[in-house]
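The residues making up each chain are set out below.
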Amino acid sequence: MKDTPINFEVVKSKIESSGIPSIGKATIRELVKLVNEIEAVTGDRYIRMEMGVPGLPTPQIAIDAEIDAIKYKGATAKYPNLEGLPELKKEISRFVKLFLNIDVKPSGCVPTVGSLQGGLISFITIDRMYEDRDTMLYIDPSFPLQKQQLNVLGQKYVSFDVYNYRGKKLKDKLESYFKNGNVHSVLYSNPNNPSWICFTEEELQIIGELANKYNVIIIEDLAYFCMDFRQDMSKPGEPPYQPTVAKYTDNYILLISTSKAFSYAGQRVGMMVISDKLYNLKAPGLKRFFKTDTLGYSMIFGTYYMLTAGACHSAQYGIAAILKAVNEGKYNFRDDVIEYGKKAKIMKKMFVENGFKIVYDYDGDDPIADGFYFTISYPGFTGEELLEELIYYGISAISLSITGSERNEGLRACVSLVQRDLFPDLKYRLEKFREHHPVK
Ligand SMILES: Cc1ncc(COP(=O)(O)O)c(C=O)c1O
């Protein structure tokens, strides 16, 4: 198979010299390096779908607010308030009321260094709440970095791929873990990275009700806030709202990233929203590590303090400005980020027309949304084989197997970095792939 869209010999020799034992098992960064090298030698542009990074400019309103804070408010010279800028805390509290329809006091609304840090703060603190509960449950597939956080901390976790446990089946599956009595919390992302499935109301209700029954904390990672574009959830104070487990339980911590919804990844500021109940909850085990047994206080004045003692000061002003505009209906962030969904729709169609299948394909009876990611497979290939083969066709993605997915035939494709002017190349390359690998 030598007439591949990207020079076969170059790709082959670059793969060999990369030292990566199996391309299919390569980490995202290893793939980035390999593809960069092939691009440099061949001059061909790849359809780069391996990295989940935002591809849109930051709203000007935030940039202006940051500059203003640096120039006139002394933001760079002073330590930020550990709990967060008061006006930002107020706007976060308003934001979750207007877009999730939940009531959380500003005290529990905390800016963090990316939402990733909000997760880390939660993992560390929750694990210390009860001596007899030491395990977190991941609903997979999931963002590998969050498992890495627990690996580094040396904390225990269990996980399962939700693919075969959608709808009512989720209840028994969750209970099979909760019944053991050792699970203190659950983590999932919704919309999900990597599969872009979104839990249905029925599923969120199951999760929430079981959280109440077994006294488990739900860490809901809303990294792609309001980015299920099947519905317009962008009107402040008006339904439909971003679906959330918070409708069904008060045992929640929400992680809201600004990286994708507000194209703010570079400033590393995210939001952690602790329910009023959890903020004030007392847990005896905390006293072993913190000054008090109160969860909210321990998270902020114990864990967060020792990690970074706050989040970038000027960026907090930037996010406060965006949220204020969003809350007042003056800036509609969906209008900007819906571009991801539009591109996904076109790209998914091209893949499907050329024999590929969407691996995670339904939420209940509805086909999954078009958004930041989608998952693909091709008959006769494992995900790892497919990943390597597609490199010869100028297409890069990551294997689902590194995300805890049991669908080892699948790849995750991220649309954000693929420019529309490459769509004709994508079409040509996929047609070539199909021609070379006819589906029987
Ligand atoms: C599910 C999920 N959680 C968290 C993050 C990290 O977000 P942040 O940039 O806010 O730290 C990402 C980023 O890709 C993600 O996909």
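Residues numbered from 1 in each chain as written. Predicted model: local features only at pLDDT ≥ 70, side-chain atom pairs only at ≥ 80, totals over all residues.

Each helix and strand counted, the protein has 14 helices and 15 strands in total. Since a compact globule built from 440 residues should have a radius of gyration of about 22 Å, the 22 Å found for the protein is in line with a globular shape. Reported as C-alpha extents along the three principal axes, the dimensions of the protein are approximately 65 × 55 × 45 Å. Counting contacts in the protein only where the partners sit at least 6 residues apart, residues at least 24 apart contribute 76% of the total. (Helix = DSSP H or I, 4+ residues; strand = E, 2+ residues; numbered from the N terminus. Rg over C-alpha atoms; globule rule 2.2 N^0.38 Å. Contact = placed C-beta atoms within 7 Å.)

Before going further, it helps to spend a moment on the site of the ligand. Contacts to the ligand come from 13 residues, most closely from Gly114, Ser115, Leu116, Ser257 and Ser259. If one sorts the elements of the shell around the ligand by residue count, helix α5 (residues 114-126) sits on top with 3 residues. Here the residues of the shell around the ligand are counted per class, giving 4 nonpolar, 8 polar and 1 charged. (Near = placed C-beta within 6 Å. Nonpolar A, V, L, I, M, F, W, Y, C, P; charged D, E, K, R; others polar.)

Where α5 meets helix α10 (residues 295-307), the axes come as close as 10 Å, and the angle between the chain directions of the two elements is 115 degrees. Viewed along their axes, α5 and α10 form a crossing whose handedness is right-handed. Contacts between α5 and α10 involve Gln117, Ile121, Ile124 and Thr125 from the former and Leu295, Ser298, Met299, Gly302, Thr303, Tyr304 and Leu307 from the latter. Its residues placed into classes, the contact of α5 with α10 shows 6 nonpolar, 5 polar and no charged. (Axes fitted to C-alpha atoms, helices over the stretch in contact; angles between N-to-C directions. Left-handed = near helix turned anticlockwise from the far one by under 90°.)

What follows covers the packing of helix α4 (residues 86-100) against helix α11 (residues 313-327). Look at α4 against α11: their axes get within 9 Å of each other, and the N-to-C directions meet at 35 degrees. With respect to the hand of their crossing, α4 and α11 are arranged in left-handed fashion. Residues Glu87, Leu88, Glu91, Ile92, Arg94, Phe95 and Leu98 of α4 form the contact with α11, whose own contacting residues are Gln316, Ile319, Ala320, Leu323, Lys324, Val326 and Asn327. Along the lines of polarity and charge, the residues of the contact of α4 with α11 split into 8 nonpolar, 2 polar and 4 charged.

Right, let's talk about the nonpolar core for a bit. By size, the foremost hydrophobic cluster in this structure holds 138 residues, and its most contacted members are Ile218, Ile253, Val273, Ile319, Ala413 and Val415. Contacts of valine 415, omitting those with residues within four sequence positions, involve Met49, Tyr340, Lys343, Ala344, Met347 and Phe372. (Core = buried A, V, L, I, M, F, W, Y, C linked by C-beta atoms within 7 Å. Buried ≥ 20, exposed ≤ 12 C-beta atoms within 10 Å, placed from the backbone.)

Within the secondary structure, serine 107 sits in the loop between α4 and β2 (109-112). Along the backbone, serine 107 and serine 185 are 78 residues apart, and their C-alpha atoms lie at a distance of 22 Å. Those residues in contact with serine 107 that lie beyond four places of it in its chain are Tyr279 and Gly296.

Turning our eyes to something else, we now look at the sheet that holds strand β12 (residues 373-377). Read from one edge of the open sheet, 4 strands run β9-β12-β15-β14, paired in antiparallel fashion. What marks the edges here is a single partner per strand, and that holds for β9 (357-358) and β14 (398-399). Summarising the sheet, β12 and strand β15 (residues 411-414) pair through 4 bridges and their orientation is antiparallel. Bridging from a neighbouring strand, phenylalanine 374 pairs with alanine 413 of β15. (Pairing = 2+ DSSP bridges.)

Turning our eyes to something else, we now look at the domain arrangement of the protein. By the assigned domains, the protein splits into domain 1 (8-56 + 333-436) and domain 2 (60-327). Each of domain 1 and domain 2 has a C-alpha centre, and these two points are 29 Å apart. Taken together, the 28 residues of domain 1 in the interface contact 32 residues of domain 2. Elements supplying a minimum of two residues to the side of domain 1 that touches domain 2: α12 (333-353) and β12. By residue number, the principal contributor to the side of domain 1 that touches domain 2 is α12, which donates 5 residues. Here the side of domain 1 that touches domain 2 is composed, by residue class, of 14 nonpolar, 8 polar and 6 charged. (Domains from an automatic or database assignment.)

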